[in-house]
Amino acid sequence: MVSSPETLAPPPQPPLWARYGLALLATGLACAFQWLLSPWLSSALFAGVAALLTLVGSRLRSSLHEARAARASALAHRHALSVSLGSIGDAVLTTDSQGLVTFLNPVASYFTGWRAAEAVGQPLSLVLQLLDPASRQPLAPRALPHDEARPIQLGRQALLLSRGGAQLPIEHTEAPLSDPEGLPLGTVIVFRDISARFREDRERAQLLAREHDAHLEAESQRERLETLFMQAPVAICLTRGSDHVVELVNPLGQTLVGEHLAVGRSVRETTSGLDPNLLHLLDEVYRKGKPIVGHEVPLRADFSGSGQHEVKYFDLTVQPWRGHEGEILGTMALCAEVTEQVLARREVEALAQDLQKALQIRDDFLSVASHELKTPLTSLQLQLQLLWRSLPETDAHGQPHPARKRIEATRRPAERLHQLVNNLLDVSRIRAGRLALEHETVDFAALLQDVVARAEADVAGAGCQLVLRAESPVVGRWDRLRLEQVVTNLLSNAIKYGASHPVELSVLQEGSTARLTVKDHGIGIAPESQARIFQRFERAVSERHYGGFGLGLWIVRQIVESLGGEIRVESLPGQGATFTVSLPLEAPPGARPSSGSYPTV
Ligand code: ADP
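Every value quoted in this text rests on a predicted model; they were computed, and no experiment measured them.

On to the overall build of the protein chain, then. Helix and strand counts for the protein chain stand at 14 helices and 18 strands. Of all intrachain contacts in the protein chain linking residues separated by at least 6 positions in sequence, the fraction that spans at least 24 positions is 57%. Accessible area of the protein chain: about 36200 Å², with a carbon and sulfur share of 58%.

With that settled, consider a nonpolar patch on the surface. Taken together, the side chains of Leu22, Leu25, Leu29, Phe33, Trp35, Leu36 and Leu37 define a hydrophobic patch exposed on the protein surface, amounting to about 800 Å² of accessible area. For Phe33, the location among the structural elements is in helix H1 (residues 16-37).

What follows is about the site of the ligand. Taken together, 19 residues sit near the ligand, with Asn493, Tyr497, Arg539, Ala540 and Leu553 positioned nearest. The separation between an oxygen atom of the ligand and a polar main-chain atom of Ala540 is 2.8 Å. Between the ligand and Phe549 there is a distance of 3.2 Å, counted from an oxygen atom to a backbone nitrogen or oxygen. Contact with the protein chains hides 97% of the accessible area of the ligand, taken as 520 Å² for the molecule alone.

Before going further, it helps to spend a moment on the sheet that holds strand S5 (residues 167-178). With respect to topology, six strands assemble into an open sheet ordered S2-S1-S6-S5-S4-S3, the strand pairing being antiparallel. The open sheet has two free edges, formed respectively by strand S2 (101-104) and strand S3 (129-131), since each of these has just one partner strand. The average angle at which neighbouring strand axes cross in this sheet is 40°, direction not considered. In the sheet, strand S4 (residues 156-161) pairs with S5 via six bridges, with the strands oriented antiparallel. In the sheet register, Leu159 faces S5, and the bridge partner there is Pro169. This element, helix H6 (residues 195-231), spans S4, S5 and strand S6 (184-193) of the sheet and lies at about 125° to S5.

Turning to the side chain of Asp520, a few remarks are in order. Relative to the helices and strands, Asp520 is located in the loop between strand S16 (513-519) and helix H14 (552-562). Salt bridges are absent for the buried Asp520, whose nearest opposite-charge side chain, Lys519, sits at 9.4 Å. Within the structure, the side chain of Asp520 is placed 2.9 Å from the backbone nitrogen of Gly522, a separation counted as a polar contact. If we ignore the near neighbours within four places in the chain, the residues touching Asp520 are Ala494, Tyr497, Gly498, Pro502, Val503, Gln575, Gly576 and Ala577.

On to the sheet that holds S16. Strand order in the open sheet formed by five strands is S13-S15-S16-S18-S17, and the pairing between neighbours is mixed. The open sheet is flanked by strand S13 (466-469) and strand S17 (566-571), the only strands paired with a single partner. When strand polarity is set aside, the average angle formed by the axes of neighbouring strands in this sheet is 15°. Bridge count between strand S15 (residues 503-510) and S16: seven bridges; the pairing is antiparallel. Looking at the pairing, Glu504 lines up with Lys519 of S16. Sheet contacts for helix H13 (residues 480-497): S13, S15, S16, S17 and strand S18 (577-584); angle to S16, the most-contacted strand, approximately 25°.

Taken as a whole and judged by the stated rule, the model has 27 salt bridges. Taking the shortest distance from any N to any O, the salt bridge between Glu284 and Arg287 comes out at 3.8 Å. Note that Glu284 and Arg287 are positioned in helix H8 (residues 276-288) at a spacing of three residues, about one turn of the helix. The salt bridge involving Glu484 is made with Arg454; its shortest N-O contact spans 3.4 Å. A residue pair is termed long-range when its members are at least 10 positions apart, and Glu484 in helix H13 and Arg454 in helix H11 (residues 444-454) qualify at 30 residues. For Arg454, a relative accessible area of 55% puts it in the exposed group. A cluster of three or more residues bridged by salt bridges with shared partners is formed by Arg362, Asp363, Arg431 and Arg536.

Unusually for a residue other than glycine, Arg136 sits at a positive phi of about 60°. Along the chain, the position of Arg136 falls in the loop between S3 and S4. Given the relative accessible area of 45%, Arg136 is considered partly exposed. With phi around 60°, Phe537 is a residue other than glycine that occupies positive phi space. By the element assignment, Phe537 lies in the loop between S16 and H14.

Cut-offs used in this document
Residues numbered from 1 in each chain as written. Predicted model: local features only at pLDDT ≥ 70, side-chain atom pairs only at ≥ 80, totals over all residues. Heavy atoms only, no water. Helix = DSSP H or I, 4+ residues; strand = E, 2+ residues; numbered from the N terminus. Contact = heavy atoms within 4.5 Å. Areas by Shrake-Rupley, 256 points an atom, 1.4 Å probe, with all protein chains shown as cover. Patch = residues over 30% accessible without salt bridge, like charges linked within 9 Å, V, L, I, M, F, W, Y side chains within 5 Å. Salt bridge = Lys/Arg side-chain N within 4 Å of Asp/Glu carboxyl O. Near = heavy atom within 4 Å. Polar contact = N/O pair within 3.5 Å; in protein donor to acceptor, adjacent residues only side chain to side chain. Pairing = 2+ DSSP bridges. Axes fitted to C-alpha atoms, helices over the stretch in contact; angles between N-to-C directions. Buried < 20%, exposed > 50% of the residue type's maximum accessible area, 1.4 Å probe, protein only. Lys, Arg positive; Asp, Glu negative; His and termini not counted.

As structure tokens, then:
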């Protein structure tokens, strides 16, 4: 059994005076014996007894000496053991055979929170409370093998619940203690703090868990990519080197060119069914490193597997495949089938061509028809004018001549017809880019007054009233006739769609811009129609109610833009319309020549 540090201290020596007193007492006893026995014992015998006593005494002294030496050695040994146990870095705790603590070194005292003096005599389970590291449940005491020779190895891990409630991860082991005869003396328990290792283990475990998670994530990413790659609705093919040796190809890619496009084979050997241009494209991308995007390639192959070759169209994108240093390793081609789109586009293109042709025929017809109409119409108007002039103003009764009235009634529709024909001719001119403008100095205000004066008859016929604001001159350089045409078209529309309400016209100068406004209070224009009415043949009214070709505003816009200006409309259905024309006083040099090249039909 190992004692506590207190029990390991050397036992107290008898004091010096006691030892000398004992010697004197022995000498006195010897003298008394000699004196008492001297009558019966001869001196020789006494000497013999004395010798015997001396011998016995010397023996006693030597065995006493030996016992003292053994005791001193044991004490030294115990002291050394005590010091060793006190100074080692591991915690050591011993119990007796009853499981009561008999010793704990300072390290054990520090970890358990028990002072040695308090712990000695306490049950081991109270001083050394161990928990299972995983479940944090108290650990059941272990039955010890009585094999003291077994080397002590730290190995079992536990959580030590200190007296203060702290939990410390430890590694511990126990060994039985027995006396030389083999009788059990108790147990020695050695343990050490492994919190650093515990932390490291935990961190390593966390690291491993993270690594595992990352691995799983990478794996699932790879699987997703693979699925994407394998099921992608586009053909993907990765080739290496200048011979374009296939590194990767997805199933769709393989079906595109049959079995030939296999991993490890060069695309050069498999181009029999491909557009020969394809190889050229791969070479180009590989050599120059510039991607080719959205190239349409026809491909003739046995797509259905029936042995019949057919042509399909593909949208091809080829990109350089680069290594870490940016060097070109090969090419990556993405190919999506666009046969349906190509066929649909071709159909639309064919339709557009047909439409273009039909429009051309229409324009040609209108151009020819308007030319053909213009000549007889002009002579008809001339004849009417001559007839008008040849007639006297009044008849025999002093009344306005009745024939003049009839001529007047014929002249108005002839004039409208003339305007229509002129419009048709203008369309042809504008479309052909032949709308020549002749710039001269014009007073816009005076021009407006003239047009208004000429329209008086129409205004009166429509039963509406004109309000004109054009007092100050607005002088600029414009084509007079074309400017008149702009005003006339806008004014005749205002009269036509103005529902007999007053029409307001004004022109004024704002800086270097002349601004013409034609405002009516008629039927108005729905917002969704306001942009398209400036296009050719576009109308926002029904033909049954209002006649017309839908050309007037288109022509106005062509003229205005040719003069470097712009036209806009503000209107609400039922609340009239306001057309505003803004023209620079001097047409800028870059003003668009009127060619009618608008995307209109
Ligand atoms: P047209 O008058 O011969 O139809 P325009 O090109 O002059 O052709 O006008 C195109 C269309 O714009 C007209 O059909 C009409 O729907 C609309 N529009 C033009 N001016 C007015 C206006 N002042 N008020 C209402 N609608 C108008």
